[in-house]
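# A look at the structure
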Amino acid sequence: MNGLRLWAACRIPGMHPDISNLLGWADGERISAIASHLKRCGQCRQQAHLIADAASAKDEVSNADRSKEMYDRLQIQMQAWSCLRGPAERGRVRRRQQMPRLSEALEFYFGIELASRIENAARWDTGDANVIPVTKPLFTTFLGKRAAEMLAQKLAGATT
Amino acid sequence: MNGLPRVIVLSTLALLITGLAAGLLWWQTGNPVWIRLFFSYPGALFFVGASLLQVYLSFRCAALFSSGDLLRPAWFLIAFSGLARLAGDILRLFGRETFSPLFSPVSMLSLAFGLYRVLRACRQNGIFGQLRLSDSLLIGPVVVYTVDFFATVVLASGSQSATSWVQRVLSWTSDPLLCVLLIQAILIRRSVANMGWGLIARCWISFTAAIFATSLGDVGLWAWSKGYLPPPLETASWHVWFVASAAFALGPAYQLQAMLHATVDDVRATAEEFAKV
């Protein structure tokens, strides 16, 4: 399926490669289909450069902490978002204890399957501060800016 | 907090049980007065009440979104769609049957634009679902019905009626619009069913259910006019419209519940705020 999408991204205007392909490209994985798409798609080129910049910044010693946080957040976001599509894996739908507040909020507003997917993808051990910005766009879209900000404040307040 | 969606579900159940009783009385006595009374009074009032509730709750949801929010225009369009349905229901209540069907395409068009914005939001958030082969089982009958309607009513010669051409053309758009809405509803269902059963998911699943019920009611009317339905199913198909109406009101009720829960800190304050609805 991914191969088909890559093939389409090379030939059909408006089709773009999957975010996981851009992550792979940033990690040094060179696929000709991606390279040819990036040559003519400014939007994907910009995204790929952002990912690559974050990845290379991670290795710089001077900004180690900030870059690592930025990279982790970006990677969580990519992983969480790319895993939202497709049918749920029933066996993986379970509640975990590391991030109960955010997980509960996701479950309450969206459902247990989405909460579980984000939880599985976003490795909670990286910390609450990284995960709240990942889920905020979902809340902002479906509940509105005002409600999402208040909810994020409540969640951040509850976990600090 | 959970009050309003539950009230909507329970009142719909009560109405359906009353309708079932009226249908049984009609079947046992052979006197249609019971079923006529049911549809003329509690039934008609339920349609108006549900539409009114949909309009009010949708406008409240739209007002709680800030300007620039992705779904704010969608909620205004949904509210406008409810407003058009309400106008049609009120005209029908007062016996203006000629004009009431004109509001149906306006309502559907507005809803289709609103749902298009919802699908765009799903796409932007990476939760956009895909149509599957099994979906054609749902879309197929509605498409067949639409094609049959066009072949037998619109394209057939001598189909001139007493109504004006504007009314005729507007009434023709209802079925193609219903096909579009059904495809949108299936896509939304495919997108949000992946999430589970949270309040937001329930809101959009309610709209999906409302559109499914509308399609079922429309196909039921078509099958009835062709004499394909046995009498018990015929009566049951009339009741599907109540489910559709209730589901249209249930969607914004869940959305408002979610938004109030997120914005109001205190549980008691949330309950008080919700009691105002």
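The rules behind the values
Residues numbered from 1 in each chain as written. Chains lettered and ligands numbered in written order. Predicted model: local features only at pLDDT ≥ 70, side-chain atom pairs only at ≥ 80, totals over all residues. Helix = DSSP H or I, 4+ residues; strand = E, 2+ residues; numbered from the N terminus. Buried ≥ 20, exposed ≤ 12 C-beta atoms within 10 Å, placed from the backbone. Contact = placed C-beta atoms within 7 Å. Rg over C-alpha atoms; globule rule 2.2 N^0.38 Å. Nonpolar A, V, L, I, M, F, W, Y, C, P; charged D, E, K, R; others polar. Axes fitted to C-alpha atoms, helices over the stretch in contact; angles between N-to-C directions. Parallel < 35°, antiparallel > 145°, perpendicular 65-115°, else oblique. Left-handed = near helix turned anticlockwise from the far one by under 90°. Expected span 1.5 Å × (residues − 1). pLDDT = per-residue confidence, 0-100. Core = buried A, V, L, I, M, F, W, Y, C linked by C-beta atoms within 7 Å.

### Here's the deal with the overall build of chain A
Counting secondary structure elements, chain A contains nine helices and zero strands. Secondary structure of chain A in N-to-C order comes out as α-α-α-α-α-α-α-α-α. With 160 residues in all, chain A has 35% of them scored as buried. The long-range share in chain A, meaning contacts at least 24 apart out of those at least 6 apart in sequence, stands at 54%.

### A short note on the overall build of chain B
Tallying secondary structure elements over chain B gives nine helices and zero strands in all. Seen in sequence order, chain B has helices and strands lined up from the N terminus as α-α-α-α-α-α-α-α-α. A compact globule built from 277 residues should have a C-alpha radius of gyration of about 19 Å, and chain B, at 19 Å, falls within 12% of that. Overall, the C-alpha framework of chain B stretches about 60 × 40 × 35 Å when taken along its three principal axes. Across the 277 residues that make up chain B, the buried fraction comes to 43%. Looking at chain B alone, contacts between residues at least 24 apart form 73% of all its contacts between residues at least 6 apart.

### Let's talk about the interface of chain A and chain B
In this complex, chain A contributes 26 residues to the contact, which on the side of chain B involves 23 residues. Looking at the side of chain A that touches chain B, the elements with two or more residues in it are helix 5 (64-82), helix 6 (100-109), helix 7 (112-121), helix 8 (128-143) and helix 9 (145-159) of chain A. No other element matches helix 9 of chain A, which puts six residues into the side of chain A that touches chain B. Of the residues that constitute the side of chain A that touches chain B, the class distribution is 16 nonpolar, four polar and six charged.

### Details of the packing of helix 3 (residues 72-93) of chain B against helix 4 (residues 103-124) of chain B
When two helices pack together, their arrangement is given by the angle between the helix axes and the distance between those axes. Residues and elements named next belong to chain B. Contact geometry of helix 3 with helix 4 gives a least axis separation of 8 Å together with a crossing angle of 165°. Comparing their axes, helix 4 and helix 3 come out roughly antiparallel. Along this stretch, helix 3 crosses helix 4, giving a crossing that reads as left-handed. Here Pro73, Ala74, Leu77, Ile78, Phe80, Ser81, Ala84, Arg85, Ala87 and Gly88 of helix 3 come into contact with helix 4, specifically with Phe103, Ser104, Val106, Ser107, Ser110, Leu111, Phe113, Gly114, Arg117 and Val118. Class assignment of the residues belonging to the contact of helix 3 with helix 4 gives a composition of twelve nonpolar, six polar and two charged.

### Brief notes about helix 4 of chain B
Residues and elements named next belong to chain B. The first and last C-alpha atoms of helix 4 sit 32 Å apart over 22 residues, in line with the 32 Å expected at 1.5 Å per residue. Along helix 4, the positions that sit buried rather than exposed are Phe103, Pro105, Ser107, Met108, Ser110, Leu111, Gly114, Leu115, Val118 and Cys122. Considering only its buried residues, helix 4 is in contact with helix 3, helix 6 (165-192) and helix 7 (199-226). Within two residues after helix 4, Gly126 carries a phi angle of roughly 75°, on the positive side.

### Some points on the environment of B:Gly196
By secondary structure assignment, the location of B:Gly196 is in the loop between helix 6 and helix 7. For B:Gly196, a count of 21 C-beta atoms within 10 Å translates into the label buried.

### Observations regarding the confidence of the model for chain B
Residue and element names in this part refer to chain B. Averaged over every residue, the pLDDT of chain B is 85; the share at 70 or more is 91%. Confidence drops under a pLDDT of 50 for residues 266-271, and excluding neighbours within four residues, the segment shows six contacts in the predicted structure. Scored below 50 in pLDDT, residues 273-277 shows ten contacts in the model against residues more than four places distant or in partner chains. Scored as a whole, the predicted complex attains pTM 0.74, and scored at its interfaces, ipTM 0.81.

### Brief notes about the packing of helix 2 (residues 33-64) of chain B against helix 8 (residues 231-263) of chain B
All names here are of chain B. Direction vectors running N to C along helix 2 and helix 8 enclose 25°, while the axes themselves pass 8 Å from each other. For the element pair helix 2 / helix 8, the angle class is roughly parallel. In this structure, helix 2 crosses over helix 8, and the sense of that crossing is left-handed. Residues Phe46, Phe47, Ala50, Ser51, Leu53, Gln54, Leu57, Ser58, Arg60, Cys61 and Leu64 of helix 2 form the contact with helix 8, whose participating residues are Phe242, Ser245, Ala246, Phe248, Ala249, Pro252, Ala253, Gln255, Leu256 and Met259. In terms of residue class, the contact of helix 2 with helix 8 is built from 15 nonpolar, five polar and one charged.

### Let's talk about the nonpolar core
Within soluble globular proteins, side chains that are nonpolar tend to cluster in buried spots. Membership of the largest hydrophobic core comes to 91 residues, with the highest contact counts inside it found for A:Leu143, B:Trp75, B:Ile200, B:Trp204, B:Ala247, B:Ala249 and B:Met259. For this core, the element with the most residues is helix 8 of chain B, which contributes 17 residues. Not counting the four nearest positions on each side in its chain, B:Trp204 is found in contact with B:Val118, B:Ile188 and B:Val192. Formed by eight residues, the second largest nonpolar core is a distinct cluster that contains A:Leu22, A:Ala26, A:Ile34 and A:Ile51.

### Describing the confidence of the model for chain A
Residue and element names in this part refer to chain A. Mean pLDDT over chain A stands at 68; residues scoring 70 or higher make up 54%. Across chain A, helix 3 (residues 32-40) holds the top mean pLDDT of 81, while helix 5 sits lowest at 58. For residues 86-98, every residue scores under 50 in pLDDT, and the model assigns this stretch 17 contacts once sequence neighbours within four places are set aside.

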